Amino acid sequence: MLSRRLERGSTSVALAFAVFLTFMTVVTVYIFWAKVWWFPPAISDFGHEIDAQFARTFLITGVVFVAAQLGLAYAIFKFRDHGQKAAYFEGNNTMEIIWTLATIVLFVGLGLYARNAWAEVHFMGAAPGALQIEVTGQQFVWNFRYAGPDGKFGREKPELVSASTGNPVGLDPTDPASKDDIVSPVIVVPAGREVELIIRSQDVTHSFYVRELRLKQDAVPGMEIHMHFTATVPGDYEIACAELCGLGHYRMHSMLTVMPEADFEKWEKDQEAANQ
Ligand SMILES: [Cu+2]
C-alpha cells in the first residue's frame, strides 16, 4: 500500500518536472528567437559581421542547450523512482572523449569563423585618409579632439590639463599646430567615411562603448589605442563608459552624432569659427 502510493507520487512529480523543464526551454528559445531583448540595429561596417557571429554562436549553443534540456527532461521522467535499486557506474571514457572533442571543435571553429571580423577591427589599421579623432577619457567625462584645418594634432602637456579653465586635454598654446585643434564634449562623424579613434585616458581605465557601432574599447592610462569604424546610418547614439571607473561612472556618457558629409563639414567649420 505504502509503496504504491510512493510510486504514484514519483510519477506525477517526475512528469511535472519534465514538463516544466520543457516549457522553460521553449520560453528561453522564444525569447532569443523573437529577439525580445536585443541589441539596437548595427550602424557600422563590421557591426553586421559581429551580429552574424553572434547569430552563429547562439544557433550552435542553442541547439546544444535544447538537446541537453530535453535530454534532461527525458531522463528525469524515464529514470524516475519506481522503487527499483539505483545503479552506479564509474563514468564512460568514450563519452568523455567525444564531448571534450566536440567542445574543442565548436570553440575553435567559431574562433576561426570570427577571425576576419576580429582582425579587421583590432589588427588592421585604418586606411590612409581616415578622419582621425582623439578620444580622451577622464573621471567622468569624454573629450574628443579633431586636428582642425591643418590636419595636425598640436602638442599637449599634462601640466596644462585644466578642465575648469576650458583646456581639458592640455593643449599647448605655444605650438601653432594646437591653435586650430577642436576639442568637443560630443563626437560628430560623417556617414560613410572611415574614422580612426585614438583612445586614451588621463586617470583610470575607462571604456569607450557605442552599442550601435558594436565597438567597445578600453581607454588605458599611458596607452594610445587605435580603433577604426565607418558609420553608415545618420543619427544620435549614446556613448557609455563601460568600465566601472569611480563614483561618477554612472554619469560618464556622451553622444555620437553621425551626419551626412556636407553637414559634417559645416559642423567642423562652425567649430573652427568658434575657436577663433
Ligand atoms: Cu569611465
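Note that this is a predicted model, so its numbers are computed, not measured. (Residues numbered from 1 in each chain as written. Predicted model: local features only at pLDDT ≥ 70, side-chain atom pairs only at ≥ 80, totals over all residues. Heavy atoms only, no water.)

Participant: Pulling in residues and values, what's your account of the domain arrangement of the protein chain?
Facilitator: By the assigned domains, the protein chain splits into domain 1 (2-82 + 91-122) and domain 2 (131-275). Using only C-alpha atoms to locate each centre, domain 1 and domain 2 end up separated by 41 Å. In this complex, domain 1 contributes 14 residues to the contact, which on the side of domain 2 involves 15 residues. Around 1200 Å² of area is buried between domain 1 and domain 2 when both sides are counted, 58% of it from carbon and sulfur atoms. Together, Pro40, Ile43 and Phe46 form the three largest contributors to the area buried by domain 1 at its contact with domain 2, with a combined 49%. The interface formed by domain 1 and domain 2 includes one salt bridge. Residue Asp51 is joined to Arg214 by a salt bridge in which the shortest nitrogen-to-oxygen separation is 2.7 Å. On inspection of domain 1 and its partner domain 2, the count reaches seven residue pairs in polar contact (both at pLDDT 80 or more). (Domains from an automatic or database assignment. Contact = heavy atoms within 4.5 Å. Buried area = accessible area lost by both parts, 1.4 Å probe. Salt bridge = Lys/Arg side-chain N within 4 Å of Asp/Glu carboxyl O. Polar contact = N/O pair within 3.5 Å; in protein donor to acceptor, adjacent residues only side chain to side chain.)

Participant: Could you give an account of the coordination of the copper ion, naming the residues involved and the relevant values?
Facilitator: Listed as protein donors to the copper ion are His206 (ND1), Cys241 (SG), Cys245 (SG) and Met252 (SD); their distances from the metal cover 2.1 to 2.4 Å. With four donor atoms in place around the copper ion and angles of 90 to 123 degrees between them, the coordination shape is tetrahedral. As a motif over one chain, the donors of the copper ion read H-x34-C-x3-C-x6-M. Of this pair, His206 sits in strand β6 (residues 206-210) while Met252 sits in the loop between β9 (235-241) and β10 (253-259); the two residues are 46 residues apart in sequence, bridging distant segments of the chain. (Donors = N, O, S within 2.8 Å, 3.2 Å for Na, K, Ca; no water. Tetrahedral: all angles 85-135°; square planar, octahedral: opposite > 155°, others 65-115°. Helix = DSSP H or I, 4+ residues; strand = E, 2+ residues; numbered from the N terminus.)

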